[in-house]
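# Secondary and tertiary structure notes
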Protein chains: 2
Amino acid sequence: MARTRRADPRGITLADIARAAGVSKITVSRVLRGGPVAGETRDRVLEIVRRLGYVPNRLAGTLSSAGSNLVGVIIPSLANIVFPDVLRGAEAVLDAAGFRSVVGVTDYDPAREEGLIEAMLAWRPAGLIVTGLEHTDRSRAMLTHAGIRVAELMDLDGAGLDIVVGLSNRAAGRASARHLIERGYRRLAYVGHDLGQDRRAAKRFEGFREALSESAAALVATELMPGRSSAAAGREGLARILDRDGGVDAVYFSNDDMAMGGCFLCLARGIAVPDRVALFGFNGLDLAQALPQPLSTIRSPRVRMGEVGARLVCGREPATVVDLGFELVPGATA
Amino acid sequence: MARTRRADPRGITLADIARAAGVSKITVSRVLRGGPVAGETRDRVLEIVRRLGYVPNRLAGTLSSAGSNLVGVIIPSLANIVFPDVLRGAEAVLDAAGFRSVVGVTDYDPAREEGLIEAMLAWRPAGLIVTGLEHTDRSRAMLTHAGIRVAELMDLDGAGLDIVVGLSNRAAGRASARHLIERGYRRLAYVGHDLGQDRRAAKRFEGFREALSESAAALVATELMPGRSSAAAGREGLARILDRDGGVDAVYFSNDDMAMGGCFLCLARGIAVPDRVALFGFNGLDLAQALPQPLSTIRSPRVRMGEVGARLVCGREPATVVDLGFELVPGATA
DNA sequence: TTGAAAGCGCTAACAC
DNA sequence: GTGTTAGCGCTTTCAA
């Protein structure tokens, strides 16, 4: 046995192909990467590669050439379709460009994000895509010193590190308020979920209140449900608002999931929407547009954020901020 | 310059730490992996590691030691919450066990799956998690010869390669039919989406028809909508069934998304559910349980499938088939 | 057009 | 407890 040890006992290596083809390793390497090789040699090598089912080891290739095709993608959650949408956009672009995405889920915890960033950096990825602009100091330090492109997605309200792609949640909140005010609603309520975790929802609410304070309308009730956003939470939150009454004529929800719960409550109780109470969400989910009354909401360019972020993170353009904006969907509930 | 070339110009290496600490590389390596090192040496090394922000290169580590912490996860889509649910379960278990998940999306295309399997194998992952039992011959060959654990999730109706974790979609279809029959429905309809792509939905439909053929009930209408499942498609499909009439008294949908569309149509048209027409779905999405009338459906253990698949793929147990079953949710629509 | 030698950053094996 | 040597499987460099 010439070999003392084999990392992967079943692994066929370049050397095996080279030996079988009667050429050197580097020639096989060239064939595989389209280098200058005689046609006949190329055919012979490729035939053997195919017959043996050889798959080049990218670990070795990357270590040797310093060009990884891994890109880390870190999102807060997979439980809400919003983030899979972003991931979907990123994955499509990365895949088409020959990159593999390594996915991490923070559960909205900055400390977990920090751990994930470190774990991903260990694989020397070509780039890193993260969610939002809020990170621990150490996360920031790692991202800055890693020497790779970093894209921060889904938020524009704050300072970014390199590439920032998203929308202004504050502006979205303001636009939502202005829409309700223009429609004549004056006694508004807010039904949200845990805003300590969901910083972007918190920024929308801030923008919403900002716009109200400059208007004739007022926020007369706020219901913050503990935990994640869900239709059940939105339904329960609206129930509490309506049971207390107080003459609320429109409700702004932290997102479409919550707002759909509100729609369901009104359907169940036979409450006239928007005559008795108007409902407004955020995200523009397809499902909410298939409701008996399409939800009034703001559509966020989720897939597009993933696409643009991925494209930029793989490119060489200078640091930039891309505002993808949002679209107000009038719907029928406000 | 002793060094001719540096793969990563900004990269600090083990050698840099060793030099700064006045020890050999292997000692630093031991410190980092908890090997036997004197307390004082350990402290000195760790201090330098921290100060320099050194993150060990796992490419090199893995190449050297043959122990990758990457696991490939291949799913058909990210657009339907069902697959992010599975991914979420897998990610949670993998992350807790120190593994990173490399994600691939096939778009329901076996050829793309084949390409993804090859691309992932190039990273010599510790294991691979795929969706369903249908694969191209070459995919099968690669998975069999890779010498790693492979888990196939979400389907039990067919032959697996190594680890199989899921539920019998055929049995779920049968159970759905039996439930409707027991409730007294006799003129049934089916509203589905593209079953050529979604093999699991096709198997449910097969089971459904099987059970019907042994009963007094009959399938009197079928509406297959092109493309992916969606509330809009379900709504439109049910509209066609009802517009044709034919005395249909219950409708089985390919999944909850489609069924919710059906619910929305009935709400919009004021059709009494389940008196005029009963509706039945598949998946048990939370959202469908927050509807004014909770959807009658079958709950699939999606997160659990991901968890169990991930746990087994990282372990050493022999090849096995795990039937996680399903739960019929009576709901209020059938 | 092809090859030999050196090295990517790390760890296993075996000294000392 | 610590170091030396020899790779892991590939690509780069330089030469033929």
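Parameters and conventions
Residues numbered from 1 in each chain as written. Chains lettered and ligands numbered in written order. Predicted model: local features only at pLDDT ≥ 70, side-chain atom pairs only at ≥ 80, totals over all residues. Heavy atoms only, no water. Near = heavy atom within 4 Å. Polar contact = N/O pair within 3.5 Å; in protein donor to acceptor, adjacent residues only side chain to side chain. Helix = DSSP H or I, 4+ residues; strand = E, 2+ residues; numbered from the N terminus. Nonpolar A, V, L, I, M, F, W, Y, C, P; charged D, E, K, R; others polar. UniProt positions renumbered as here; feature names shortened; annotations may be inferred. Phe/Tyr/Trp six-rings, centres within 6.5 Å; stacked < 30°, edge-to-face > 60°. Buried < 20%, exposed > 50% of the residue type's maximum accessible area, 1.4 Å probe, protein only. Domains from an automatic or database assignment.

### With respect to the protein's contact with DNA strand C
- In the vicinity of DNA strand C there are 30 residues, among which A:Thr27, A:Thr41, B:Leu14, B:Ser29 and B:Tyr54 approach most closely.
- Taking B:Arg33, its side chain carries an N or O atom lying 3.1 Å from a phosphate oxygen of DNA strand C.
- Interatomic distance of 3.2 Å between a backbone N/O atom of B:Asn57 and a phosphate oxygen of DNA strand C.
- For the surface near DNA strand C, the secondary-structure elements that each account for two or more residues are α2 (25-32) and α4 (58-65) of chain A together with α2 (25-32) and α4 (58-65) of chain B.
- When its residues are assigned to classes, the surface near DNA strand C shows 12 nonpolar, 11 polar and 7 charged.

### Here's the deal with the UniProt feature "domain: HTH lacI-type" (unreviewed entry) in chain A
- The feature "domain: HTH lacI-type" (unreviewed entry), as annotated in UniProt, sits at residues 12-65 of chain A in this numbering.
- Here residues 12-65 of chain A is 70% helix and 0% strand, with 20 Å between the C-alpha atoms at its ends.

### Regarding the packing of aromatic side chains
All names here are of chain A.
- In this structure the tally under the stated criterion is 12 aromatic pairs over all chains.
- An angle of 10° between the planes, with centres 3.6 Å apart, marks the rings of Tyr190 and Phe205 as stacked. Here the residue Tyr190 occupies a position in strand β6 (residues 187-192), and Phe205 occupies one in helix α9 (residues 199-213), the gap between them amounting to 15 residues.
- Among the residues examined, Phe205 registers a relative accessible area of 6% and is labelled buried.
- With 5.8 Å between their ring centres and 50° between their planes, Tyr190 and Tyr252 make a pair best called tilted. Highlighted residues: Tyr190 in strand β6 and Tyr252 in strand β8 (residues 250-253), separated in sequence by 62 residues.
- Using a relative accessible area of 0% as the deciding quantity, one classes Tyr190 as buried.

### Considering the domain arrangement of chain A
- If you check the domain split of chain A, you get domain 1 (14-56), domain 2 (70-167 + 302-326) and domain 3 (169-299).
- With centres defined by C-alpha atoms, the gap from domain 1 of chain A to domain 2 of chain A works out at 37 Å.

### Here we look at the protein's contact with DNA strand D
- In the vicinity of DNA strand D there are 29 residues, among which A:Leu14, A:Ile26, A:Ser29, A:Tyr54 and A:Ser64 approach most closely.
- In the interface set of DNA strand D, defined as its atoms within 4 Å of the protein, sugar plus phosphate atoms amount to 64%.
- Here A:Leu14 contributes a backbone N or O atom positioned 2.4 Å from a phosphate oxygen of DNA strand D.
- At the level of elements, α2 and α4 of chain A together with α2 and α4 of chain B are the ones that each hand at least two residues to the surface near DNA strand D.
- With 4 residues, α4(A) is the single largest residue contributor to the surface near DNA strand D.
- A per-class count over the surface near DNA strand D returns 12 nonpolar, 11 polar and 6 charged.

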